[in-house]
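Residue-level structural notes
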Amino acid sequence: MTKIRFATFPRTIKPKDFSLEVVKVFEKHYKNISTVELPKGLDSDTVLSIVRNDLEQIGFEIEKGKKKDEKIYRPVFFGENAQATVKYEIDGFHNDWKCGLEVEAGRAWMGNAVYRDIVQSLVMVELEHLILAVPQTYKYKSKGKDLISRDYENARNLIDTIYNHSRFQLPYDLTLIGY
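Attention in this report is confined to the structure presented alongside it. Worth saying up front: this structure is predicted, and the values here are computed from it rather than measured.

1. Remarks on the overall build of the protein chain
- Scanning the protein chain from terminus to terminus reveals five helices and ten strands.
- Expected size for 179 residues packed as a compact globule is a radius of gyration near 16 Å; at 16 Å, the protein chain falls within 12% of this value.
- Considering only C-alpha atoms, the protein chain reaches an extent of 55 × 40 × 35 Å along its principal axes.
- The buried share among the 179 residues of the protein chain stands at 44%.
- Pairs at least 24 residues apart make up 62% of the contacts formed inside the protein chain by residues separated by at least 6 positions.
- Roughly 10100 Å² of accessible area belongs to the protein chain as shown, and the carbon and sulfur atoms make up 49% of that amount.
- Between the mean site of the 27 positive side-chain charges and the mean site of the 26 negative ones, the protein chain shows a separation of 6 Å.

2. A short note on the packing of helix 1 (residues 17-28) against helix 3 (residues 44-57)
- The N-to-C vectors of helix 1 and helix 3 enclose an angle of 125 degrees; their axes lie 10 Å apart at closest approach. Of the possible angle classes, the one that applies to helix 1 and helix 3 is oblique. Regarding helix 1 and helix 3, the two cross each other, and that crossing is right-handed. On the side of helix 1, the interface is formed by Val22, Val25, Phe26 and Lys28, while helix 3 contributes Val47, Val51, Asp54 and Leu55.

3. Here's the deal with the side chain of threonine 8
- Turning to its location among the elements, threonine 8 is positioned in strand 1 (residues 5-9).
- Given a relative accessible area of 13%, threonine 8 falls into the buried group.
- Discounting residues that sit within four places of it in the chain, threonine 8 has contacts with Ile13, Pro15, Ser19, Leu174 and Thr175.

4. Observations concerning the sheet that holds strand 1
- If you walk across this open sheet you meet the six strands as 1-10-7-6-5-2, and the pairing is mixed. The two strands at the open ends of the sheet, each matched to only one other strand, are strand 1 and strand 2 (61-62).
- Where strand 5 (residues 92-94) meets strand 6 (residues 99-103), three bridges bridge the pair, whose relative direction is antiparallel. By the bridge assignment for strand 6, histidine 94 is matched with cysteine 99.
- On the sheet, helix 3 packs against strand 2 and strand 6 and is oriented at approximately 145 degrees with respect to strand 6.
- Contacts from helix 4 (residues 113-123) reach strand 6 and strand 7 (129-134) within the one sheet, and its direction differs from that of strand 7 by about 170 degrees.

Cut-offs used in this document
Residues numbered from 1 in each chain as written. Predicted model: local features only at pLDDT ≥ 70, side-chain atom pairs only at ≥ 80, totals over all residues. Heavy atoms only, no water. Helix = DSSP H or I, 4+ residues; strand = E, 2+ residues; numbered from the N terminus. Rg over C-alpha atoms; globule rule 2.2 N^0.38 Å. Buried < 20%, exposed > 50% of the residue type's maximum accessible area, 1.4 Å probe, protein only. Contact = heavy atoms within 4.5 Å. Areas by Shrake-Rupley, 256 points an atom, 1.4 Å probe, with all protein chains shown as cover. Lys, Arg positive; Asp, Glu negative; His and termini not counted. Charge placed at Lys NZ, Arg CZ, Asp CG, Glu CD. Axes fitted to C-alpha atoms, helices over the stretch in contact; angles between N-to-C directions. Parallel < 35°, antiparallel > 145°, perpendicular 65-115°, else oblique. Left-handed = near helix turned anticlockwise from the far one by under 90°. Pairing = 2+ DSSP bridges.

As structure tokens, then:
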């Protein structure tokens, strides 16, 4: 049995087959990326480097590094001559599935990265599904005490609230993965 956790939204729609393929990639590497079993979580770039090859094999374009030409940008607005005038960075994108991928680590919950990812994905052109991978737990110290933030559960509760609220509807489906 896997120790990866995941949930799909909205909960009234059957999970996409491709999102389950991505979950399998994280399951395959659980031992090396687990925020539950490792004494300290990895940074998001390291997690992405571990799952990169398998994600690329299923068709994702994945960020290679921090240099401008190694990043992936999705357009938000177009200007003259069909040039993207506003664009946001994303960790990965699958053109056929119109699926964005964000992998977060230590700042997923406490640093508000989950909120940023949800909002930026909202305005990206041709993004119909977001896969958001967050730590199940974030281990840290405060005033000498060992503490744990339950990032996956916090993100799941937030996303569940958003997808079940009657005031608005997000224009994309979402898969949340806890590693």
